[in-house]
Amino acid sequence: MFSKILIANRGEIALRILRACRELGIKTVAVHSTADEDAMHVRLADEAVCIGPPASRDSYLNVAAILSAATITGAEAIHPGYGFLSENADFAETVEAHGLTFIGPTAEHIRMMGDKITAKTTMQMLGVPLVPGSDGELTNLEEAREVADKVGYPVLIKAAAGGGGRGMKVAQTADDLEDAWKMARAEARAAFGNDAVYLEKYMDRPRHIELQILGDNYGNVVHFGERDCSLQRRHQKLLEEAGSPALTAEQRDAIGQTATQALSKMGYRNAGTLEFLYQDGQFCFIEMNTRLQVEHPVTEMVCDVDLVREQIRLAAGEQLGYTQKDISFSGHAIECRINAEDPDSFTPCPGTVAVYHPPGGLGVRVDSALYTGYRVPPFYDSMIAKLIVHAPTREQAIARMQRALDEFVVEGIKTVIPLHRRILEDPEFQKGEYTIHWLEQFTAKPH
């Protein structure tokens with residue numbers, strides 16, 4: 001087991017990793033920008049190193065500074081959290097080349113799954129079902145027309161190196177295809193420096209279902225069930241559930257077996273999440289995230305597992321030590337992402353937190369690095385907390401979340417707490433009748 005780990009991240013996820021390390025008896029090194037010198041993870045870590053000015057490119061994306069911090073503090077491993085460098089294969093490779101352990105998958109698998117076309121081709125070879133579409137990169141508009149005619153409109157043009165909804169354009173009809181093609185490529189080129197695109201059938205009412213897996217260095221892979229992440233705005237998740245109100249235990253077992261068999265054949269190690277579109281009883285693979293997910297706490301609550309602790313154990317070379325039969329699912333969990341945003345316009349609202357009072361009680365968990373007097377900087381993602389509840393049934397979890405939201409006090413800045421209250425009161429949400437398009441329609445309604 002490691003004696004010291006450097007946490008290459010900030011905010012609530014840095015604090016989450018620090019807590020897992022503390023329980024394992026591992027010393028921690030926090031790296032931070034000048035904007036985060038008063039951050040909670042910096043205060044609580046055993047050591048802290050400033051790695052640059054506020055801009056991410058000069059601090060949290062500064063590979064040389066992070067590696068220097070690891071070297072001077074004697075850290076043996078680096079946990080990247082999520083975002084920033086967590087899915088950067090070159091970073092993972094460089095960490096290992098410097099004699100440190102990267103707490104995550106191999107650089108090869110990060111690179112393989114980071115390219116959406118390669119990921120789809122690989123999964124198809126391993127027997128994982130896909131969304132109908134092109135076999136790979138589209139080389140020209142005429143090829144796109146041929147594929148679109150074959151799978152049927154509407155279709156989706158997607159960036160091969162995409163993420164976060166960038167480089168994605170829908171063509172409802174053949175007349176829309178050329179504009180969608182041009183815009184997707186231009187956006188992909190600007191965002192990722194890579195204008196490669198592919199085409200998929202556009203599913204009109206799917207749910208976004210993802211499957212949490214863990215693998216060790218010895219070919220053992222297990223899954224921890226599904227999360228329903230369909231409640232999204234502009235491809236950014238806002239509320240997640242485990243398990244999905246749309247799936248049965250049999251459906252979970254079936255897709256779980258398919259996924260774990262595929263990743264075992266790949267030799268995948270550490271944490272990963274396979275993402276699917278689910279419609280009319282059919283799962284279609286869309287991408288894989290080779291890191292810890294923001295919404296991992298809902299899985300932890302229903303499976304009674306510390307996924308970060310498992311990541312660290314597996315990176316240290318330990319075996320899983322359990323099989324799929326040992327994993328059980330209990331109750332229902334919901335996570336609300338609390339963003340420092342106007343709940344109507346979604347404009348970011350950084351500033352000083354005048355009052356902070358998190359909710360508590362049975363089955364309530366808050367992952368946050370906030371405190372009264374903390375100044376939310378304007379330089380980073382607007383998520384400031386995650387509110388997670390667990391209860392025996394989905395109905396009880398909804399009631400518990402409503403109670404917890406009513407207790408949650410964040411004054412001095414605007415947050416999306418009022419929006420979450422509205423969502424949980426909606427009859428369609430309460431029945432579990434929503435798709436990936438539901439939240440966009442919901443937020444467009446007057447209230």
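Whatever comes next refers back to the structure up there.
These numbers were taken from a predicted model, which means no experiment stands behind them.

Rules used in this analysis
- Residues numbered from 1 in each chain as written.
- Predicted model: local features only at pLDDT ≥ 70, side-chain atom pairs only at ≥ 80, totals over all residues.
- Heavy atoms only, no water.
- Pairing = 2+ DSSP bridges.
- Helix = DSSP H or I, 4+ residues; strand = E, 2+ residues; numbered from the N terminus.
- Buried < 20%, exposed > 50% of the residue type's maximum accessible area, 1.4 Å probe, protein only.
- Lys, Arg positive; Asp, Glu negative; His and termini not counted.
- Salt bridge = Lys/Arg side-chain N within 4 Å of Asp/Glu carboxyl O.
- Polar contact = N/O pair within 3.5 Å; in protein donor to acceptor, adjacent residues only side chain to side chain.
- Contact = heavy atoms within 4.5 Å.
- Axes fitted to C-alpha atoms, helices over the stretch in contact; angles between N-to-C directions.
- Phe/Tyr/Trp six-rings, centres within 6.5 Å; stacked < 30°, edge-to-face > 60°.
- Lys NZ or Arg CZ within 6 Å of the ring centre and 35° of its normal.
- Core = buried A, V, L, I, M, F, W, Y, C linked by side-chain atoms within 4.5 Å.
- Disulfide = S-S within 2.5 Å.

(A) Spatial organisation of the sheet that holds strand β2 (residues 27-33). What the 5 strands build is an open sheet, ordered β3-β2-β1-β4-β5; its pairing is parallel. Sheet topology places β3 (47-52) and β5 (101-102) at the edges, where each strand pairs with a single neighbour. Here strand β4 (residues 77-79) runs beside β5; their pairing, made up of 2 bridges, is parallel. Following the sheet pairing, Ile78 is matched in β5 by Phe102.

(B) Expanded view of the side chain of Asp216. Relative to the assigned elements, Asp216 resides in the loop between β9 (207-215) and β10 (221-233). Look at Asp216: it is buried, it has no salt bridge, and the nearest opposite charge is Arg313 at 7.5 Å. Looking at Asp216, its side chain comes within polar contact range of the main-chain nitrogen of Tyr218, at 2.9 Å. Here Asn220 takes part through its side chain, which lies 2.8 Å from a polar atom of the side chain of Asp216. Here Asp216 is in contact with Tyr268, Arg269, Leu314, Glu318, Gln319 and Leu320, once residues within four sequence places are set aside.

(C) Local environment of the sheet that holds strand β14 (residues 332-339). A sheet is described by the order of its strands in space; here 8 strands give the open sequence β13-β12-β9-β10-β11-β14-β19-β17, paired in antiparallel fashion. Two strands in the sheet have a free side with no partner beyond their single neighbour: β13 (282-289) and β17 (364-368). Averaged over all pairs of adjacent strands, the angle between strand axes in this sheet comes to 25 degrees, irrespective of strand direction. Two strands pair when backbone bridges link them, and β9 and strand β12 (residues 270-279) are joined in this way by 9 bridges, in the antiparallel orientation.

(D) Region of the structure containing the side chain of His109. By the element assignment, His109 lies in helix α5 (residues 107-114). A distance of 3.1 Å separates a polar side-chain atom of His109 from the backbone oxygen of Met266. In this structure His109 touches Met266, Gly267, Tyr268 and Thr290, once residues within four positions along its chain are discounted.

(E) Structural context of the pattern of salt bridges. Within the structure shown, the criterion is met by 37 salt bridges. Note that Arg111 is salt-bridged to Asp90, the shortest N-O span being 2.8 Å. Highlighted residues: Arg111 in helix α5 and Asp90 in helix α4 (residues 89-97), separated in sequence by 21 residues. Residue Arg111 is classed as partly exposed on the basis of its relative accessible area of 38%.

(F) Geometry of the packing of aromatic side chains. Evaluation of the coordinates by the stated rule reveals 13 aromatic pairs. Judged by centre distance (6.1 Å) and plane angle (75 degrees), the ring pair of Phe276 and Phe285 falls under edge-to-face. Like Phe276, the residue Phe285 is buried in the burial classification. Three or more aromatic residues link up through ring pairs in this structure, and these residues are Tyr60, Phe84, Phe379 and Tyr380. In this arrangement the basic side chain of Arg207 is found over the ring face of Tyr434, its NZ or CZ atom lying 4.3 Å from the centre.

(G) Focus on the nonpolar core. Counting 38 residues, the largest nonpolar core has Ile423, Leu424 and Phe429 as its most contacted members. Residue assignment for this core shows that the elements contributing at least two residues are β11 (236-242), β14, β19 (383-391), α12 (394-407), α13 (417-425) and α15 (438-444). Setting aside anything within four residues of it in sequence, one finds Ile423 in contact with Leu231, Leu238, Leu239, Phe429, Trp438, Leu439 and Phe442. Of all hydrophobic cores here, the second largest spans 36 residues; its members include Ile7, Ile26, Phe224 and Leu292.

(H) Broad picture of the pairing of β13. Burial analysis of β13 places 7 of its 8 residues in the buried class, which makes it a mostly covered element. Relative to β13, β12 is paired through 7 bridges, and the arrangement is antiparallel. Bridged to Gln279 within β13 is Gln282. Linking two consecutive strands that pair antiparallel, namely β12 and β13, is a turn of 2 residues; a positive phi of about 55 degrees is found at Asp280 within it.

(I) Spatial organisation of the environment of Ile436. Looking at the secondary structure, you find Ile436 in the loop between α14 (427-431) and α15. Taking the C-alpha atoms as reference, Ile436 lies 30 Å from Met266; in sequence the two are 170 residues apart. Those residues in contact with Ile436 that sit more than four places away from it in its chain are Pro206, Arg207, His208, Ser230, Gln232 and Leu277.

(J) Representation of the state of the cysteines. Applying the stated criterion to the full structure yields 0 disulfides. Here Cys349 is not cross-linked by a disulfide; its sulfur's nearest cysteine counterpart is in Cys336, at 18 Å. We classify Cys349 as buried; its relative accessible area is 17%.

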